[in-house]
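Overview (structure and organization)
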Amino acid sequence: MPSVTTDAWPVWCDAANTLTLLPNASVTGNNIWYYWTTGTGTATNQAISVQLTATNHAVWSQWTTGYTVPMVPYQTPIYVPLEPTPEERAAQEAARQEALRRYEEQQRERREADKRAEALLRAHLSDEQRAEYELGQVFHVRSRSGRLYRVTRGWSGNVFELREEPEVIAPDGRVQQNGAPRLVEVARYCIHPREYTPDADNMLAQALLLQADEEEFLRIANRTRLAG
Amino acid sequence: MQCEMSIMGSRGDMKVLWDPANADEVAAAKAQFDELVQKKRFLAFRVKRKGEQGEQIREFDPEAGAVILVPAMQGGA
């Protein structure tokens, strides 16, 4: 073990300063530590809570001069992992396999749910809606009030209210658009079932409510205005 | 004639089938309908195929043909 035999402590406390240390003690002379180590001397202390005031660095030098003070250098703790026993290894591997099995089962159930939802949605789309959906995972719904909505694939914020801008006839009689009205998204709606359902079921639910009770749809949904 | 009720859920829809001429099957389907619509606030839509506009129903109709039950809806983020 390393030891200190000279004035290590003086470099710790400045000789010109009065240093109050914790625990505190009253020191009447610079030999207090010497006396402390030899068993003689005067020191004022208060049991375990010792009041100590050092007025110069010589206190420490008295303590250390001529004595070998064993010091335990600070060492960064070294973590030595314990090797698992064969039984622990087996248990860890079994837990890993079980977690993997559960994950794969959840994935399989999710794929099955998506497949069922897709079939239900497609069974209740018109031919035109189905063609749109197969092309781009979106379809349009006309409500009873005549408004047109675009239902896109997703769970939230996936329904858009559209404004149909008529074709523009130029002064020379030419149609400036290709004959089909331009569809402008004017608002986005966020509404979905309280319980999780696959995306395709969510889209069907939105379409059904829009068609059957547009007022209720608009009352429930959170609306974000998009275009002027 | 076979009628069916598709109940939406996290695992896709669950089908409940009944024959309007079979009183037991009608009673079972009605019990399930009432439990979901009256107590759990599911929305029920009587639908036809091919995107024809369906209508919302609040009472079980044994002759409904095809019904879709949707969990109560809420506004999202």
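What counts and how
Residues numbered from 1 in each chain as written. Chains lettered and ligands numbered in written order. Predicted model: local features only at pLDDT ≥ 70, side-chain atom pairs only at ≥ 80, totals over all residues. Heavy atoms only, no water. Core = buried A, V, L, I, M, F, W, Y, C linked by side-chain atoms within 4.5 Å. Buried < 20%, exposed > 50% of the residue type's maximum accessible area, 1.4 Å probe, protein only. Helix = DSSP H or I, 4+ residues; strand = E, 2+ residues; numbered from the N terminus. Contact = heavy atoms within 4.5 Å. Phe/Tyr/Trp six-rings, centres within 6.5 Å; stacked < 30°, edge-to-face > 60°. Axes fitted to C-alpha atoms, helices over the stretch in contact; angles between N-to-C directions. Nonpolar A, V, L, I, M, F, W, Y, C, P; charged D, E, K, R; others polar. 1 Å grid on protein atoms, 1.4 Å probe; cavity = no way out; pocket = protein on both sides within 12 Å on 5 of 7 lines; lining within 4 Å. Points joined across faces, edges and corners; volume = space filled by probe spheres on them. pLDDT = per-residue confidence, 0-100. Expected span 1.5 Å × (residues − 1). Polar contact = N/O pair within 3.5 Å; in protein donor to acceptor, adjacent residues only side chain to side chain.

1. Considerations on the nonpolar core
- Counting 35 residues, the largest nonpolar core has A:Phe139, A:Phe217, B:Phe45, B:Val70 and B:Met73 as the members making the most contacts within it.
- Among the secondary structure elements, those contributing two or more residues to this core are helix 3 (86-123), strand 7 (138-142), strand 8 (148-152), strand 10 (182-193), helix 5 (199-212) and helix 6 (214-220) of chain A together with strand 3 (43-46) and strand 5 (66-70) of chain B.
- For this core, the element with the most residues is helix 5 of chain A, which contributes 9 residues.
- Setting aside anything within four residues of it in sequence, one finds B:Met73 in contact with A:Ile191, A:His192, A:Pro193, A:Arg194, A:Ala205, A:Gln206, A:Leu209, A:Ile220 and B:Leu43.
- Within the second largest apolar cluster, 17 residues are counted, among which are B:Ile7, B:Ala29, B:Val37 and B:Ala64.

2. Considering the packing of aromatic side chains
All names here are of chain A.
- Counting across every chain of the model gives 7 aromatic pairs over all chains.
- Between Tyr133 and Phe139, the ring centres sit 6.4 Å apart and the planes meet at 65 degrees, which makes this aromatic pair edge-to-face.
- Through successive ring pairs, a cluster of aromatic residues spans Tyr149, Tyr189 and Phe217.

3. What about the packing of helix 3 of chain A against helix 4 (residues 127-136) of chain A?
Residue and element names in this part refer to chain A.
- Between helix 3 and helix 4, the shortest axis-to-axis distance is 9 Å and the interhelical angle comes to 140 degrees. Judged by residue contacts, Glu118, Leu121 and Arg122 of helix 3 engage Arg130, Tyr133 and Glu134 from helix 4.
- Class assignment for the residues of the contact of helix 3 with helix 4 results in 2 nonpolar, no polar and 4 charged.

4. Overview of the layout of surface pockets
- Computed from the structure, the largest pocket encloses a volume of approximately 380 Å³.
- Taken together, 16 residues make up the lining of the largest pocket; nearest its centre are A:Glu216, B:Arg41, B:Phe42, B:Leu43 and B:Gln56.
- Taken together, the elements giving at least two residues each to the lining of the largest pocket come down to helix 6 of chain A together with helix 1 (23-39), strand 3 and strand 4 (55-57) of chain B.
- Considering every element that reaches the lining of the largest pocket, the biggest residue donor is helix 6 of chain A, with 3 residues.
- Of the residues assigned to the lining of the largest pocket, the class counts are 8 nonpolar, 2 polar and 6 charged.

5. Here we look at the confidence of the model for chain A
Residues and elements named next belong to chain A.
- This prediction gives chain A a mean pLDDT of 77; 63% of its residues lie at or above 70.
- Taking the mean pLDDT of every element in chain A, the minimum, 42, falls on strand 1 (residues 3-4) and the maximum, 97, on strand 8.
- Within the model, pLDDT remains below 50 along residues 1-52, and this stretch shows 95 contacts once partners closer than five positions in the same chain are excluded.
- Low pLDDT, under 50, characterises residues 61-66; the predicted model gives this stretch 19 contacts beyond four residues in sequence or across chains.

6. Structural notes on helix 1 of chain B
All names here are of chain B.
- With 17 residues, helix 1 extends 23 Å from end C-alpha to end C-alpha; this agrees with the ideal 24 Å at 1.5 Å per step.
- Taken together, the buried positions of helix 1 are occupied by Val26, Ala29, Phe33, Asp34, Leu36 and Val37.
- Contact partners of the buried residues in helix 1: strand 1 (3-7), strand 2 (14-18), strand 3, strand 4 and strand 5.
- Two to three positions downstream of the cap, the backbone nitrogen of Asp24 sits 3.0 Å from a side-chain oxygen, assigning the N-cap of helix 1 to Asn22.

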